[in-house]
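Each chain, letter by letter, is given below.
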Amino acid sequence: MIKKSLVSVGALLMLFPTIAFAEEPSATQLNMGLDALWVMLAAILVLLMQGGFILLEAGSTRMKNAGHVAGKTIFTVGLASIVYWAVGFGITFGGDASESLNKIIGLGNFFFTPEISNSEGLPDSVFFVFQLAFAAVSLSIAWGGFAERAKLSSYLIFTLFFVSVIYPVVAHWIWGGGWLAADGAQDFAGSTVVHLTGAIGALAATILLKPRIGKFNKDGSANEILGHNQVFTALSVLILWVGWFGFNAGSTVAIGDGFFGFVAFNTQLGAAAGAVAALLISWLVTGKADITATLNGALAGLVAITASCAFVDPWAAVVIGLVAGVLVFFSVKFFEKIKVDDPIYALSVHGAAGIWGTLANGLFATEELSAKVGVGQAGLFEGGGWGQLWVQFESVVVCGAFAFAASFIVLWIVKQVIGFRVTEEQEIIGLDLSEHGTYGYPEQMKKAGTSV
């Protein structure tokens, strides 16, 4: 049987020699294919980070809301995909506007239809999927401010505005050829674009929603509302950590000379330093090595190194991660002290660390790496003067102000028109039952009753 098959194949190749040789790829086509494969793999890693967000939010909140957390995440990622395809991608990367208007907003490529195949360059379809995954991550960060008390309808409405306008405008300014890009703002994979924008959306939400029932006492002291599964939270951090290699290293959008490996190297160092610093500072301050602080430290290190992973030397990546780990610990304390209820610490992990990571480029970016990436210049400690630090500060302030104003206006209107927060009774029984009519843990909830 094998002999007959070999004879048949040989005969076909003799009769039709083009079968063997017609599609032999050129070096350019081969490189393009490898780049496309790498970026598609990175996009999948970033999309799988949604699994990390599900476990992070579910593990950090109470059992009575676990099913809601999982379900609304899948729903909002689906809705975000449609909205980004229809509008968001065009505002971020559309180039049909006039030169002056394009500094503020992109126009074009709405209801985006990519080429079926590309003869050169990264396929448009692959680039779209990669960028969509980033938009979905920023949206999931914003949900931290909604946790355990927002109506499901508010998730739907905020998704429409956040993915069509708020996130795309910020992304256009820095990544889509906008005015901050022209100024040389360095944000390689999104400490500001993705993380700060999402955190600022969470800040607007938690201000309007007010704290959860029982979080603060009349004297202003805080009660600890423990999440129901610390193992889920730890597993979420690991999933997000792995996904971050797609996030940062994938942003090279090429295999090329192996630069993506250097970016991944810095990413790992930043995350590791953040985890170690957070554990040590919590141990020093409280006398206990706090697990939650350690997990937050790892994520803060990842967030902080996201802007600078392609611009700094490895020693600076460690410093950036160490500072982020310490910063996130004290930031959590600060927000609790001013009575801001942040159930999954989005404001500290993604906001405070995102600001630090963006500013860190203005201190540690090297001339060699800035030239390689083709954005900005060296930082203050690398002989570049104050110029890059000012640009980084400018990008944080302007993007943060825009994201907050836009998010606050949208959510304030939602609050006035249809209501933003569930009723006290619904919050007490949990969003699983009040919003969906079922429990994420039906057997356990039946045993415990509805007062969990």
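Note on numbering: residues in each chain are counted from 1, in written sequence order. Per-residue local features of the predicted model are confined to residues with pLDDT of at least 70, and side-chain atom pairs are confined, for both listing and counting, to 80 or more; whole-chain, interface and lining totals are unaffected and use all residues. Only hydrogens and water are set aside when side-chain values are computed; all heavy atoms of the structure are taken into account.

Looking up the protein in an unreviewed UniProt entry gives the name Ammonium transporter, with the organism given as Cohnella boryungensis. UniProt positions are given in the numbering used here, feature names are shortened, and annotations may be inferred rather than shown by experiment. Quoted verbatim from the Sequence similarities (unreviewed entry) field of the UniProt record, the comment on the protein reads "Belongs to the ammonia transporter channel (TC 1.A.11.2) family."

> Outline the packing of aromatic side chains, listing residues and values.
Two rings belonging to Phe, Tyr or Trp (six-membered ring only in the last case) form a pair when the distance between their centres is within 6.5 Å. Interplanar angles under 30 degrees mark stacking, angles over 60 mark edge-to-face geometry, and anything in between is tilted. Scanning the entire structure with this criterion turns up 32 aromatic pairs. Aromatic pair Phe146 and Phe420: ring centres 5.4 Å apart, planes at 75°, arrangement edge-to-face. With Phe146 in the loop between helix H6 (124–142) and helix H7 (152–175) and Phe420 in the loop between helix H16 (387–417) and helix H17 (424–429), this residue pair connects regions lying 274 residues apart in the sequence. Comparing Phe146 with Phe420, the two get one shared label, buried. Between the aromatic rings of Phe364 and Phe381, the centroid separation amounts to 5.6 Å while the plane-to-plane angle is 65°, which identifies the pairing as edge-to-face. Here Phe381 lies in the loop between helix H15 (367–373) and H16 and Phe364 lies in helix H14 (residues 346–364), a separation of 17 residues in the sequence. Numbering of helices and strands starts at the N terminus; helices are DSSP runs of H or I of at least 4 residues and strands are runs of E of at least 2. Categorising residues by exposure relies on relative accessible area from a 1.4 Å probe, with only protein chains included: less than 20% of the type maximum marks a residue as buried, more than 50% marks it as exposed, and the intermediate range marks it as partly exposed.

> Outline the pattern of salt bridges, listing residues and values.
What makes a salt bridge here is a side-chain nitrogen of Lys or Arg within 4 Å of a carboxyl oxygen of Asp or Glu, nothing more. Following the criterion strictly, the structure yields seven salt bridges and no others. Between Lys215 and Glu336 there is a salt bridge, with the nearest N and O atoms lying 3.3 Å from each other. With a gap of 121 residues between them, Lys215 in the loop between helix H9 (191–209) and helix H10 (230–248) and Glu336 in helix H13 (residues 314–337) connect regions that are remote in the sequence. Of the charged contacts, one joins Asp257 and Lys372 as a salt bridge, the two residues approaching to 2.8 Å between their closest N and O atoms. A residue pair is termed long-range when its members are at least 10 positions apart, and Asp257 in the loop between H10 and helix H11 (259–286) and Lys372 in helix H15 qualify at 115 residues.

> Can you lay out the nonpolar core for me, pointing to particular residues and giving the numbers?
Nonpolar side chains tend toward joint burial in soluble globular proteins. Membership of the largest hydrophobic core comes to 107 residues, with the highest contact counts inside it found for Tyr84, Phe146, Phe158, Tyr167 and Phe247. Contacts between residues were defined by any pair of non-hydrogen atoms, one from each residue, lying within 4.5 Å. Contacts of Phe247, omitting those with residues within four sequence positions, involve Val46, Met49, Phe130, Phe134, Val137, Ala189, Val194, His195 and Thr306. The nonpolar core is taken to be a set of buried Ala, Val, Leu, Ile, Met, Phe, Trp, Tyr and Cys residues, with the residues joined through side-chain atoms within 4.5 Å.

> Account for the side chain of Ser140, naming residues and giving values.
Residue position: Ser140 is located in helix H6. For Ser140, a relative accessible area of 6% corresponds to the buried category. Within the structure, Ser140 has its side chain in polar contact with the side chain of Gln50 (distance 2.6 Å). What Ser140 contacts, discounting residues up to four positions off in sequence, is Gln50 and Phe53. The term polar contact refers here to a pair of N or O atoms within 3.5 Å; inside protein, the definition further demands a hydrogen-donor-capable atom paired with an acceptor-capable atom, and it admits residues adjacent in sequence only when both atoms are side-chain atoms.

> Summarise H16; cite the residues concerned and give the values.
To estimate how far a helix should extend, the number of its residues minus one is multiplied by 1.5 Å. Along its 31 residues, H16 runs 45 Å from first to last C-alpha, staying within 8% of the 45 Å computed at 1.5 Å per residue. Looking one or two places after H16, you find Gly419, whose phi comes out positive at around 90°.

> Just give me the short version of unusual backbone geometry, but keep the residues and values in it.
A positive phi angle, near 50°, is found at Phe111, a position not held by glycine. On the secondary structure map, Phe111 appears in the loop between helix H5 (99–102) and H6. Positive phi values are uncommon outside glycine, yet Lys339 reaches one of about 65°.

> Requested: an account of a nonpolar patch on the surface, with residues and values cited.
Put simply, a patch holds well-exposed residues, over 30% relative accessible area, that have no salt bridge, with like charges counted together within 9 Å and Val, Leu, Ile, Met, Phe, Trp or Tyr side chains within 5 Å. Accessible surface is estimated by sampling points in the Shrake-Rupley manner with a 1.4 Å probe; for residues, cover comes only from the protein chains shown. A grouping of Ile82, Trp85, Leu101, Ile104, Leu107, Phe110 and Phe111 is seen on the molecular surface, where their side chains present a nonpolar patch of about 630 Å² in accessible area. Mapping Ile82 onto the fold places it in helix H4 (residues 66–93).

> Can you explain the packing of H13 against H14? Please cite residues and give values.
Lines fitted to C-alpha atoms define the axes here, with helix axes fitted over just the stretch in contact, and angles between the N-to-C directions of these axes take values from 0 to 180 degrees. Where H13 meets H14, the axes come as close as 9 Å, and the angle between the chain directions of the two elements is 145°. Handedness of the crossing formed by H13 with H14: right-handed. Residues Trp315, Ala316, Val319, Ile320, Val323, Ala324, Leu327, Val328, Ser331, Val332 and Phe335 of H13 form the contact with H14, whose participating residues are Leu347, Ser348, Val349, Ala352, Ala353, Trp356, Ala360 and Phe364. In terms of residue class, the contact of H13 with H14 is made up of 17 nonpolar, two polar and no charged. In a left-handed crossing the near helix is turned counterclockwise from the far helix by less than a right angle, and in a right-handed crossing that turn is clockwise. Following the grouping adopted for this structure description, the nonpolar residues are Ala, Val, Leu, Ile, Met, Phe, Trp, Tyr, Cys and Pro, the charged ones are Asp, Glu, Lys and Arg, and the polar ones are all others, Gly among them.

> Lay out the state of the cysteines in plain terms, naming residues and giving numbers.
Note on disulfides: each one is a pair of cysteine sulfur atoms within 2.5 Å. A complete count under the given rule lists zero disulfides for this structure. Left without a disulfide partner, Cys309 is nearest to the cysteine sulfur of Cys399, which lies 17 Å away. Residue Cys399 is classed as buried on the basis of its relative accessible area of 1%.

> Mind laying out the side chain of Ser236, listing which residues take part and the relevant values?
With respect to the secondary-structure elements, Ser236 resides in helix H10. Looking at Ser236, the relative accessible area reads 0%, which means it is buried. If sequence neighbours within four positions are ignored, Ser236 has contacts with Gly52, Leu55 and Leu56.

> Could you give an account of the packing of H6 against H9, naming the residues involved and the relevant values?
Orientation of H6 relative to H9, taken along the N-to-C sense of each, is 30°, at an axis distance of 7 Å. Viewed along their axes, H6 and H9 adopt a mutual orientation that is roughly parallel. Like other packed secondary-structure pairs, H6 and H9 cross with a definite hand, here right-handed. Contact residues: H6 offers Phe134, Val137, Ser138, Ile141 and Ala142, while H9 offers Val193, Val194, His195, Thr197, Gly198, Ala199, Gly201 and Ala202. Of the residues in the contact of H6 with H9, the class split is eight nonpolar, five polar and no charged. For this classification, under 35 degrees means roughly parallel, over 145 means roughly antiparallel, 65 to 115 means roughly perpendicular, and everything else is oblique.

> Tell me about the environment of His436, residues and numbers included.
Among the secondary structure elements, His436 is positioned in helix H18 (residues 431–436). Judged by relative accessible area, which is 34%, His436 ranks as partly exposed. It is 49 Å that separates the C-alpha atoms of His436 and Gln388, two residues lying 48 residues apart in sequence. Polar side-chain contacts of His436 include one of 2.9 Å to the side chain of His68.

> Describe the environment of Val319, and please don't skip the residues or the numbers.
On the secondary structure map, Val319 appears in helix H13. When the C-alpha positions of Val319 and Ile305 are compared, they lie 9.8 Å apart, and in sequence the two are 14 residues distant.

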